[in-house]
Amino acid sequence: TPIMKLVKEKFLDELKCREIIDQYIWNYPHAIKHRDTYALNMSSITGVTDTIESIAKSIDPSVKLDLCQVVKWPCNSKMDPHRDTNKNDVFAAIVYLNDNFVGGETCLEDFVCKPEIGKLLMFSKSELLHWVNQVTEGTRYTIALWFIRD
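Only a predicted model underlies this, so the values are computations on that prediction, with no experimental measurement involved.

Draft legend 1. Structural detail: helix 1 (residues 14–27). For helix 1, spanning 14 residues, the distance from its first C-alpha to its last is 20 Å, which sits close to the expected 20 Å at 1.5 Å a residue. Within helix 1, burial applies to Cys17, Ile20, Ile21 and Tyr24. Taken end-on, helix 1 shows its buried residues confined to a sector of 100°, consistent with a single buried face. Looking at helix 1, the residues exposed on the side facing more than 90 degrees away from the buried face are Leu15 and Trp26. Contact partners of the buried residues in helix 1: strand 3 (37–41), strand 4 (63–73), strand 6 (89–96) and strand 13 (140–149). Put simply, aspartate 13 is the residue that caps the front of helix 1, since its side-chain oxygen is 3.2 Å from the backbone nitrogen of leucine 15.

Draft legend 2. Up close: the packing of aromatic side chains. Evaluated as defined, the whole model comprises three aromatic pairs. Seen in terms of ring centroids, tyrosine 24 and tyrosine 141 are 5.7 Å apart; in terms of plane orientation they differ by 70°. Their pairing is edge-to-face. Of this pair, tyrosine 24 sits in helix 1 while tyrosine 141 sits in strand 13; the two residues are 117 residues apart in sequence, bridging distant segments of the chain. When its relative accessible area of 1% is taken as the criterion, tyrosine 24 is described as buried. Taken together, the ring pairs connect Tyr24, Tyr28, Tyr38 and Tyr141 into an aromatic cluster. Across the ring face of tyrosine 28, the terminal group of lysine 72 is positioned such that the distance to the ring centre comes to 4.8 Å. In this arrangement the basic side chain of arginine 140 is found over the ring face of tryptophan 73, its NZ or CZ atom lying 4.6 Å from the centre.

Draft legend 3. Up close: the pattern of salt bridges. Per the stated rule, a full pass over the model turns up nine salt bridges. In this structure, arginine 18 engages aspartate 22 in a salt bridge whose closest nitrogen and oxygen atoms are separated by 2.7 Å. On the criterion of helical spacing, the pair formed by arginine 18 and aspartate 22 is a turn pair, its members being four residues apart in helix 1. The salt bridge involving lysine 119 is made with glutamate 116; its shortest N-O contact spans 3.5 Å. The class for lysine 119 is buried, based on a relative accessible area of 6%. A relative accessible area of 25% places glutamate 116 in the partly exposed class. Within this structure, Glu9, Lys114, Glu116 and Lys119 form a network of salt bridges that share partners.

Calculation notes
- Residues numbered from 1 in each chain as written.
- Predicted model: local features only at pLDDT ≥ 70, side-chain atom pairs only at ≥ 80, totals over all residues.
- Heavy atoms only, no water.
- Helix = DSSP H or I, 4+ residues; strand = E, 2+ residues; numbered from the N terminus.
- Expected span 1.5 Å × (residues − 1).
- Buried < 20%, exposed > 50% of the residue type's maximum accessible area, 1.4 Å probe, protein only.
- Arc of directions from axis to C-beta.
- Contact = heavy atoms within 4.5 Å.
- Polar contact = N/O pair within 3.5 Å; in protein donor to acceptor, adjacent residues only side chain to side chain.
- Phe/Tyr/Trp six-rings, centres within 6.5 Å; stacked < 30°, edge-to-face > 60°.
- Lys NZ or Arg CZ within 6 Å of the ring centre and 35° of its normal.
- Salt bridge = Lys/Arg side-chain N within 4 Å of Asp/Glu carboxyl O.

What follows is the structure, given as structure tokens:
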């Protein structure tokens, strides 16, 4: 699989993003605290996970969706720079569900992804150093997906 970075502006519309945030809020008691974020596992999100999986398979037909989460990133949350070390891990994908916060950019070695509602970022997660800048104001909501070799 080649090292990959893909950005799709307006992958989801604002209404769909709002629906997903509302679904998260409704199910928040089931969210799992992970470091300083709160992740809600989702088996699928209609019209989202299947489309992103199709994009991933168009790049590498051997991949499958391993995990999908809606993640709440409260003020002061961040993710330190790292490379994922499991060689079965192929791609990660992030969809920004809101942009009414400060900070929270997803960063790759040579690239900073500015948060915009509905934007999709997909990248090779084991090859590229990546991190999330600290959210300094507001709350960041994303869909996070991880793809592995089938």
